[in-house]
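Summary of the model geometry
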Amino acid sequence: MADRILLTLAMLVSYGAGYALIRWTLGLLAPGRATPDGLPLILAGVPLLLCVLFEWSTGLWDRTPGTLGLGSLTVALPMALAGAGAAAAFLLLRGFGPAVEAGFGREQIGPAITVWGVATIGIAILALALWRFWPAPTPRLF
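What comes next concerns the included structure. (Residues numbered from 1 in each chain as written. Predicted model: local features only at pLDDT ≥ 70, side-chain atom pairs only at ≥ 80, totals over all residues. Heavy atoms only, no water.)

What to know about the overall build of the protein
Counting its secondary structure elements, the protein contains 4 helices and 0 strands. In the protein, the succession of helices and strands from N to C terminus is α-α-α-α. Expressed as a percentage of its 142 residues, the buried residues of the protein come to 39%. Across the protein, every contact between residues at least 6 apart in sequence was considered, and the portion connecting residues at least 24 apart equals 86%. Per element, the accessible surface of the protein, about 8,200 Å² overall, is 74% carbon and sulfur. (Helix = DSSP H or I, 4+ residues; strand = E, 2+ residues; numbered from the N terminus. Buried < 20%, exposed > 50% of the residue type's maximum accessible area, 1.4 Å probe, protein only. Contact = heavy atoms within 4.5 Å. Areas by Shrake-Rupley, 256 points an atom, 1.4 Å probe, with all protein chains shown as cover.)

A look at the packing of helix α2 (residues 38–58) against helix α4 (residues 106–133)
Between two packed helices, the angle of one axis relative to the other and the distance separating the axes together describe the packing. Interaxial distance between α2 and α4 falls to 9 Å at its minimum, and their mutual angle equals 30°. Compared by their axis directions, α2 and α4 come out roughly parallel. Crossing geometry of α2 relative to α4 is assigned as right-handed. Between α2, through Leu-39, Pro-40, Ile-42, Leu-43, Val-46, Pro-47, Leu-50, Cys-51, Phe-54, Glu-55 and Thr-58, and α4, the contact on the second element is made entirely by Ala-112, Ile-113, Trp-116, Ala-119, Thr-120, Ile-123, Ala-124, Ala-127, Leu-128 and Trp-131. Taken together, the residues of the contact of α2 with α4 break down into 18 nonpolar, 2 polar and 1 charged. (Axes fitted to C-alpha atoms, helices over the stretch in contact; angles between N-to-C directions. Parallel < 35°, antiparallel > 145°, perpendicular 65-115°, else oblique. Left-handed = near helix turned anticlockwise from the far one by under 90°. Nonpolar A, V, L, I, M, F, W, Y, C, P; charged D, E, K, R; others polar.)

Some points on the packing of aromatic side chains
Applying the stated criterion across every chain, the model contains 2 aromatic pairs. Lying across the ring of Trp-24, Arg-23 places its NZ or CZ 4.7 Å from the centre. (Phe/Tyr/Trp six-rings, centres within 6.5 Å; stacked < 30°, edge-to-face > 60°. Lys NZ or Arg CZ within 6 Å of the ring centre and 35° of its normal.)

A word on the side chain of Arg-94
In this structure, Arg-94 sits in helix α3 (residues 76–96). The class of Arg-94 is buried, set by a relative accessible area of 13%. One polar contact links the side chain of Arg-94 to the main-chain carbonyl oxygen of Gly-27, over a distance of 3.3 Å. Apart from residues lying up to four places away in sequence, Arg-94 is in contact with Arg-23, Gly-27, Ala-30, Pro-31, Gly-32, Arg-33, Thr-35 and Trp-116. (Polar contact = N/O pair within 3.5 Å; in protein donor to acceptor, adjacent residues only side chain to side chain.)

Looking at the nonpolar core
Counting 30 residues, the largest nonpolar core has Met-11, Leu-43, Val-75, Met-79 and Trp-116 as its most contacted members. Among the elements of the structure, α1 (2–23), α2, α3 and α4 are those that each provide at least two residues to this core. With 9 residues, α3 is the single largest residue contributor to this core. Here Met-11 is in contact with Leu-48, Cys-51, Val-52, Glu-55, Val-75, Met-79 and Trp-131, once residues within four sequence places are set aside. (Core = buried A, V, L, I, M, F, W, Y, C linked by side-chain atoms within 4.5 Å.)

Let's talk about the side chain of Thr-8
Turning to its location among the elements, Thr-8 is positioned in helix α1. Every residue in contact with Thr-8, bar those within four places of it in the chain, is listed here: Val-52 and Trp-56.

Some points on the packing of α1 against α3
At a minimum axis distance of 7 Å, the contact between α1 and α3 shows a crossing angle of 35°. In this structure, α1 meets α3 at a crossing whose hand is right-handed. For the pair α1 and α3, the contacting residues are Met-11, Ser-14, Tyr-15, Gly-18, Tyr-19, Ile-22 and Arg-23 in the first and Ala-76, Met-79, Ala-80, Ala-82, Gly-83, Ala-84, Ala-86, Ala-87, Ala-88, Phe-90, Leu-91 and Arg-94 in the second. Partitioned by chemical class, the residues of the contact of α1 with α3 number 14 nonpolar, 3 polar and 2 charged.

Rendered as structure tokens:
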């Protein structure tokens, strides 16, 4: 159980580090529009939640061999790339997505929800593909 908790923490921290690396470096330079409050949280949270749920249900990275029992920590790189992809999608949508002004109506929020939803599905597929198909570490003695 402690290995699964360590693996979950490694997934959370590396996803957050990848997200923060892009969001707080390139995000300061990229132009931005106003976005609805909940959509960026869904875009960032759904891929991570899906990867953690799939890991807890299958134990794919929990059973990978590695150096001195730390094989499961190699999940950090694919999760960091997934977080960076989510941050890049956020910046692209904030800069080039449909604008939502204050006091928005159904005509403005419909296209915004559709575009952000499609982007969330795409980032979730990318995150699950990185989580599932990343090469597993090779077993070594030292």
